[in-house]
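The primary structure of each chain is shown beneath.
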Amino acid sequence: MKQQKTLFLTLILLLCTSWLLAQQSITGTVTDSIGNRLQSVSVLVPGTSVGTTTNENGNFSITVPQGTTQLDFSLVGYKKQTVAIGTKTDLIVTMLPVPNGLADVVVVGYGVQRKRDVTGTISSVSGDALKNIPVSNSAQALQGRAAGVNIVRTDGAPGSVPTIRIRGTGTINSADPLVVIDGVPAGSLNDVNPNDIASIEILKDASSSAIYGTRAANGVVLVTTKKGNFGEQLKASVNLYTGTSKAIKYLDLLTAPDLAMLKKEAYTNDGLTVPGIWSDPYYATQRTDWQRALLGTGKTNNADVALRGGSSNSTYSFSGNYYDEQGLIPNSYFKRYSARINSEHRLFKIIRVGENFLYSNTQGNAPDTRSTQTGTVWSALRFNPAIPVKNEDGSWGTSKADNELGDINNPVMTAVDPDIKNTNNNILTNAYIEIDIVKGLRARANFGYSQNQYVGYNFTPAEPEQTRSITLATLSQGEAHSSSLLEEYTITYNNTFAKDHSVNFTGGYSAQTFKSSNFGASRNGFDDPSDPLRNLNNGNPAYQYNYGSKGVKSGLASYFGRLNYSYKSKYLLTLTMRADGSSKFPVNEQWGYFPAFSAGWRISDEAFFKNNIHFINDLKLTGGWGELGNQAVPDLQYLAIIGTNQNYNFDNTPVNGVAVTSLANPNITWERAQMTNISLEFGLLQNKIIGTLTYFDKNTKDMLIPYPLTETYGIAAIPNQNIGTLNNRGIEVELNYQNKVGDFTYSIGANASFIKNKVTFLYGDKDNYIGSVLYGRQALETSRTYEGQPIASFYGFKTAGLYQNQKEIDEDANIANDDKTNIKPGDVRFVDQNNDGKIDDQDRIYLGNPNPKAVFGINGNAGYKNFDLSFSFAGVSGVSLYNADRVAGLDATGVFNWYADQLNRWHGEGTSNTVPRLTKENLHNNYRSSDLWVEDGSYIALKNIALGYTFNQLHAGATKLPDVRLYVSCYNAFYITKYTGFTPELGYTDGNRQRGVDVAQYPSARTFTVGASINF
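Keep in mind the model is a prediction, meaning the values are calculated, not measured. (Residues numbered from 1 in each chain as written. Predicted model: local features only at pLDDT ≥ 70, side-chain atom pairs only at ≥ 80, totals over all residues. Heavy atoms only, no water.)

Points about the sheet that holds strand E37 (residues 783-786)
To summarise the sheet geometry, strands pair through backbone hydrogen bonds and adopt either a parallel or an antiparallel arrangement.
Part 1 of the argument: Spatially, E36-E37-E38-E41 is the arrangement adopted by the four strands of the open sheet, whose pairing is antiparallel. Taken across any chain shown, the strands that pair with only one partner, and hence form the sheet edges, are strand E36 (769-770) and strand E41 (845-848).
Part 2 of the argument: In the sheet, E37 pairs with strand E38 (residues 793-796) via two bridges, with the strands oriented antiparallel. Each residue of the ladder has a partner; that of Ser783, found in E38, is Phe794. (Pairing = 2+ DSSP bridges. Helix = DSSP H or I, 4+ residues; strand = E, 2+ residues; numbered from the N terminus.)

Structural notes on the environment of Ala480
Part 1 of the argument: When you line up the elements, Ala480 lands in strand E23 (residues 474-497).
Part 2 of the argument: Along the sequence, Ala480 and Ser516 sit 36 residues apart, while their C-alpha atoms lie 7.4 Å from each other.

Structural notes on the packing of aromatic side chains
Part 1 of the argument: The final tally for this structure, using the stated rule, is 29 aromatic pairs.
Part 2 of the argument: Each ring, one from Tyr110 and one from Tyr212, has its centre 5.3 Å from the other, and the planes form 25°; the classification is stacked. With Tyr110 in the loop between strand E8 (105-108) and strand E9 (111-114) and Tyr212 in the loop between helix H3 (206-209) and strand E15 (220-225), this pair connects stretches of sequence that are 102 residues apart.
Part 3 of the argument: Among the residues examined, Tyr212 registers a relative accessible area of 7% and is labelled buried. (Phe/Tyr/Trp six-rings, centres within 6.5 Å; stacked < 30°, edge-to-face > 60°. Buried < 20%, exposed > 50% of the residue type's maximum accessible area, 1.4 Å probe, protein only.)

Some remarks on the side chain of Arg523
Part 1 of the argument: By the element assignment, Arg523 lies in strand E24 (residues 501-524).
Part 2 of the argument: Buried charge without a salt bridge: Arg523, with Asp527 as the nearest opposite-charge side chain at an N-O distance of 11 Å.
Part 3 of the argument: For Arg523, the side chain forms a polar contact with the main-chain oxygen of Gly539, separated by 3.4 Å. (Lys, Arg positive; Asp, Glu negative; His and termini not counted. Salt bridge = Lys/Arg side-chain N within 4 Å of Asp/Glu carboxyl O. Polar contact = N/O pair within 3.5 Å; in protein donor to acceptor, adjacent residues only side chain to side chain.)

Considering unusual backbone geometry
Part 1 of the argument: Although it is not a glycine, Ala498 sits at a positive phi angle of roughly 50°.
Part 2 of the argument: Topologically, Ala498 is positioned in the loop between E23 and E24.
Part 3 of the argument: For Asn835, which is not glycine, the phi torsion reads 60° and is therefore positive.
Part 4 of the argument: Inspection of the secondary structure puts Asn835 in the loop between strand E40 (828-830) and E41.

Focus: helix H4 (residues 256-269)
Part 1 of the argument: Taking 1.5 Å of rise per residue, 14 residues should cover 20 Å, and H4 covers 20 Å from first to last C-alpha, within 8% of that figure.
Part 2 of the argument: What H4 keeps buried is the set Ala256, Leu259, Ala260, Leu262, Lys263, Glu265, Ala266 and Tyr267.
Part 3 of the argument: Directly beyond the C-terminal end of H4, a positive phi value near 70° is found at Gly271. (Expected span 1.5 Å × (residues − 1).)

Considerations on the pattern of salt bridges
Part 1 of the argument: Inspection of the entire model under this criterion finds 37 salt bridges.
Part 2 of the argument: Of the charged contacts in the structure, one is a salt bridge between Lys570 and Glu606, with a shortest N-O distance of 3.6 Å. Of this pair, Lys570 sits in the loop between strand E26 (554-567) and strand E27 (571-582) while Glu606 sits in the loop between strand E28 (591-602) and helix H8 (607-610), and the two are 36 residues apart along the sequence.
Part 3 of the argument: You can call Lys570 buried: its relative accessible area is 13%.
Part 4 of the argument: Of the residues examined, Glu606 reaches a relative accessible area of 10% and is grouped as buried.
Part 5 of the argument: In this structure, Asp635 engages Lys584 in a salt bridge whose closest nitrogen and oxygen atoms are separated by 3.0 Å. You can see Asp635 sitting in the loop between strand E29 (616-630) and strand E30 (641-650) and its partner Lys584 sitting in the loop between E27 and E28, a full 51 residues away along the chain.
Part 6 of the argument: Connected via shared salt-bridge partners are Arg352, Glu434, Asp436, Arg442 and Arg444.

Comments concerning the nonpolar core
Part 1 of the argument: With 55 residues, the main nonpolar core has Tyr882 and Trp898 as its most contacted residues.
Part 2 of the argument: Elements with a contribution of two residues or more to this core: H4, helix H5 (290-294), helix H6 (376-382), helix H7 (411-416) and helix H10 (884-890).
Part 3 of the argument: Here this core gets six residues from one element, more than from any other, and that element is H4.
Part 4 of the argument: Setting aside residues no more than four positions away along its own chain, Trp898 makes contact with Leu253, Leu254, Leu259, Leu262, Lys263, Ala266, Gly889, Asp891, Ala892 and Leu918.
Part 5 of the argument: Core analysis: the next-biggest nonpolar cluster, separate from the first, contains 27 residues, Leu130, Ala141, Leu189 and Leu358 among them. (Core = buried A, V, L, I, M, F, W, Y, C linked by side-chain atoms within 4.5 Å. Contact = heavy atoms within 4.5 Å.)

With respect to the side chain of Asn897
Part 1 of the argument: Along the chain, Asn897 falls in the loop between H10 and strand E45 (934-936).
Part 2 of the argument: Here the side chain of Asn897 touches Leu254 through a polar contact of 3.2 Å, landing on its backbone oxygen.

Quick notes on the environment of Gly771
Part 1 of the argument: Residue placement: Gly771 occurs in the loop between E36 and E37.
Part 2 of the argument: Along the sequence, Gly771 and Ser930 sit 159 residues apart, while their C-alpha atoms lie 16 Å from each other.
Part 3 of the argument: If we ignore the near neighbours within four places in the chain, the residues touching Gly771 are Ser783 and Arg993.

A look at the sheet that holds strand E3 (residues 51-53)
Part 1 of the argument: Strand order in the open sheet made by the four strands is E3-E2-E5-E6, with antiparallel pairing throughout. Of all the strands in the sheet, the pair left with one neighbour each is E3 and strand E6 (81-84). Taken pair by pair, the neighbouring strands of this sheet meet at an average axis angle of 25°, ignoring direction.
Part 2 of the argument: Of the pairings in the sheet, the one linking strand E5 (residues 70-74) to E6 comprises four bridges and is antiparallel in character. (Axes fitted to C-alpha atoms, helices over the stretch in contact; angles between N-to-C directions.)

What to know about the pairing of E27
Part 1 of the argument: Inspection of the sheet shows E26 paired to E27 by twelve bridges, in the antiparallel sense. Across the sheet, Tyr565 pairs through a bridge with Leu573, a residue of E27.
Part 2 of the argument: Remark: three residues form the turn of the hairpin made by E26 and E27, two consecutive strands paired antiparallel; Lys568 in that turn has positive phi of roughly 60°.

Some words on the confidence of the model for the chain
Part 1 of the argument: Averaged over the chain, the pLDDT score is 90; the fraction of residues at 70 or greater is 96%.
Part 2 of the argument: Counting interchain partners and residues more than four positions distant, the pLDDT-below-50 stretch residues 7-22 has four contacts. (pLDDT = per-residue confidence, 0-100.)

Considerations on the pairing of E9
Part 1 of the argument: Note: E8 against E9, four bridges, orientation antiparallel. From the neighbouring strand, Val107 faces E9, where its bridge partner is Val112.
Part 2 of the argument: Here E8 hands over to E9 after two residues, with Tyr110 in that stretch at a positive phi of 60°.

A few points about the environment of Asn524
Part 1 of the argument: Position of Asn524 among the secondary structure elements: in strand E24.
Part 2 of the argument: On a C-alpha basis, the gap between Asn524 and Gly539 in space is 5.5 Å, while along the polypeptide they are 15 residues apart.
Part 3 of the argument: In contact with Asn524, not counting residues within four places along its chain, are Leu472, Ala473, Thr474, Gly539, Asn540 and Tyr543.
Part 4 of the argument: A distance of 2.8 Å separates a polar atom in the side chain of Asn524 from a polar atom in the side chain of Thr474.

Digging into a positive patch on the surface
Part 1 of the argument: On the surface, Lys756, Lys758, Lys766 and Lys853 cluster together into a positively charged patch.
Part 2 of the argument: Within the fold, Lys853 resides in the loop between E41 and strand E42 (854-864).
Part 3 of the argument: Residue class for Lys853 comes out exposed when judged on its relative accessible area of 52%. (Patch = residues over 30% accessible without salt bridge, like charges linked within 9 Å, V, L, I, M, F, W, Y side chains within 5 Å. Areas by Shrake-Rupley, 256 points an atom, 1.4 Å probe, with all protein chains shown as cover. Charge placed at Lys NZ, Arg CZ, Asp CG, Glu CD.)

Put into C-alpha cells, the structure is as follows:
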C-alpha cells in the first residue's frame, strides 16, 4: 500500500513537472503611440481562454502554453493587435487608436498629443480614407473630408496639384499652407504615394499652427507616412488597380451646316458681303467633332508593395510605388516611380534612432490649355468642324485655306506632334536621435535634406502647312536644381505632479537654408528631325538661345516653445511662442515674434454635468488667439535691383550697360495673420456621434500689395508695400456617426465650413484696386480686388436683357443721354449705375464672388461580413464663376466655330432675351465684361464610390492563403450643378488675383477602376 502511494505521488509530481515545463512566462508593457502606459488592456492567447490584463502601470505577466507563437492585445478605442512572441519573453507593445475615437492621437507640431487634450483646431484624416483612390496626389483625395479645407483643382491634367486653401484665401500673395512630410517642411504631395500615408493632420488655428511661426499664416498640413510597429511580425501587402477615364461632359457646338448658315446671317445683319467660303458646300459638311477628336480615353495603372514589421527593439518599413496616368488629351501623362524606407531602433532603453527616406521620379507633360492663341481645348472648341483631323494623304487637316477659318492650328496635331518630357527627381530624407535624459525629459536632434532636380525636354517638329506656321523644328532643353538643409534640436519635458497637474513642454531651435539654380538652351532648324538626331548640336547655331541663373540663397532661423498644462484633464491650457529670423527681410526687420495661447474646459468631467446629463458623453469648450507670419514673398525687395543688358545711347551709338530695374523698400516686413478661435467638441450616445462646432475670425495685416503711384520713376519696378488688410471669418461644423448592428457596421460623416472673405483695407479709398490678367482676344477684364469686397471679385457691367425693338432703345432711361447710333434691336441692354443717362466705364460694378461661401463634404462607410462600401461627396455653394470661354463661344466677330447656343440667338422680336444678335462689327460691344458671363458655380459631386469584397481565412491544404480584397470604384462619378461649362471646379488663373474664370482648362475626367489589395 505504501509503495502504491509513493508511486501515485511520483506520477503526480511527474505530471506537474511536465505541465510546468510545457508552460512559458511572458511579461511586457503596453503603451499608446505617445508612450503613455495603458491600463486594462486585454492580453489573450488566440483560440484559448488563457489571458490577463495590464495593471495601472501598463505592465502584464502571463503564463502561456508551450508552442504559443502569438498574443492578442485589445482595448476599447484602440485597434486590436496581434503580436508575435518568437523567442522573446519581455514585450513592448504599442497600441494604435481607432480612427475618430476619443482615444485618437493626433500629430501636432514637433510631437503628438491625445485628441481629448488638444485645445487647438486640428482636422485629422486617416490614411485609410485616401487609399486606392485613382489620383496622383493625396490633396485630391482630401477633398470634402475636412471642415475649413477647400481643395481647388486648377485643371484636370494628369499630375496637376490642386491648390489647398485653409479657412479662406488669406492674402493676395501666396496663400499656400506649409506642407510637412514626416517632420521635414519640404517636398510636394505629388511625391508621396497616397497609399503610403498613415494620416494627414491639418492645423487650422493659430494655437496649433504657431509652433511653425512665419510659415503658418495659411495653415499647416502634416503628412505622416506608414511605419512598422514594435513587436509586430512581418506583414507584406500589394495593391493593384487599373482604370479608364472619359470626359465627364462635352459642350454643345455648332455643326458645319449650322455654322455656315449663321456666318452668312452675321454678315447680312451688318449689310456686309458674305465671304464666298460660306457658300462652298465643302465647309457646310460636317466632318469632325473636335472635342471628341481631342478628348479620348485616359488610362490609369497603379502598383505598390509594402513590407512592415518590427522586433521588440526595432521597427522597419519599405514600400515602392508605380503610378501611370495617361490623360484624355493625347500626349498628356504623369508617371511616378517612388521608394520609401523608414526604421526606428531602441538602444540601451534610453536612446532611439531612426530615419525616413523618400525618393521619387516623376515624368509628365501637361499641354497648354490656358492660351486663346494656342490652347488645345480652346482650339478644339473653335476649330472648324468641316476640316478633317487628317487629309486623305495623311497630312494634318488645316485652316490655312481661308482667313475665315481662323488663325489656329489643328488641335489634335498641336497635342500629338511635340515630344515633351518633364522629369523631376526628388529626395526627401531625415535622420533623428532621441535620448531620455531622466524620466519625463527627452532630447531630440533631427536633420533633414530635400532636393529636386528638374530636367525638361521639348522637341516641336516643323509644320509649315498650318495656319500658325511652324517653319523650323525646335529643341529646348533645361535643368533646374533646388535643395534645402534642415537642422532641429528640441527638448521635451512631460510629467504629472500631485496626480492632477500634467505638464508637457516642447522647446527648440530650427534652421533651414534654401538654394537653387537653373540653365537651359534651345536651337531651331533641325534638317533631320528623327529621334536619334534630336540633340542641340544638330540645330542651327544661328537660331539659338541660352539662359542660366543662380538663385538667391535664403535661410530661416527659429526659436520656439510650447507649454501644455492640464488639471485633472479637465482644465487645459496651451501657450506657444516662436521667433523667426528670415533673410528675405532687411536686418532691422528680419526677426518676427509669433505668440499664441488657447484654453479648454472639459465640461463633461464636471460633477454637475456627469450626474445630470447622460446622453452627452464628452463635451469640451476651447478658445484661443494667436499671431502667425507669412514670409512667402519675393527675395531682395529691400534692396534696389540692378539689371544687366540695359541699352543706352551715347552720341547715337548703342551701348550695353546696367540700370536699376527695381527700387528698394527698406521697410518691408512680414505679413501677419491674427486669429481668434472658439470650438465646442462633443460626443453623444456612447460616443456614436462625435462632432465639433467652431467659430474663427482671421485678420491678415501688413499684406504686401502694389504701391499706387502718382509720381514718375522711369522704368524701375516699385516693390510691394505692407499696406493691406484682409479678413476671413466663419463657422465650421464636423459630425460623425458610427454604429454596428449584428454583422452590419456603418459610419457616416459630414463637414461644412461657411466663410466670408473681405478685403478690409487697400489704399483707403473706393477707387484704387488690384487688377488681374485680361482674358483672351477680347481683352476682357474679369476680376478686380477692391477694398470692402471679397478678393478677386468679378467686375463689369450689369445687364437687363436684350432690346427687342427700336422703341425700347428710344425710351430706355439707361441711355437717355447716350449716342444710340450703334445700338440695334437684339443688342444687350446695359444698366446705368450712376444715373447719368449713358453707359461708360463708370457703370461697371461688382458682379460676383469666386470664393465659395460654403464648402462641404459627406463621407460614408458600410460593411456587412466580407462586403464593404465607401463613398465621398464634395461640394460648394454661394459661389460665382466667370464663363470667359462662353464669350469666345458666342462672340460673332470671331472667325471660329461657336457654341450651339447661337441657334437660340436673337433674330427677331421675342426670339431671345439672353443671346445677342449676330453681328460681325459689334458696334455696341455686346461681348464686353458683364453679368451675361457670370454663372452660379454651386455643385455637389460624388467624388468617389467603391464596393469591395474580402476573401479571408482561405487555405490551400494546411497553408493559409493571404487575404485578398477585390473592388470596383468610380472617381468623379457625377456632378449636380447649374454651371454650363465643362466643370464647376475652376481654380486660379492669375495667382490669388483671379479665381473661378473658365478659360477652357483641361476638363475633368470620370474614372472607373478595378483593383485588388493583397495582405500576406
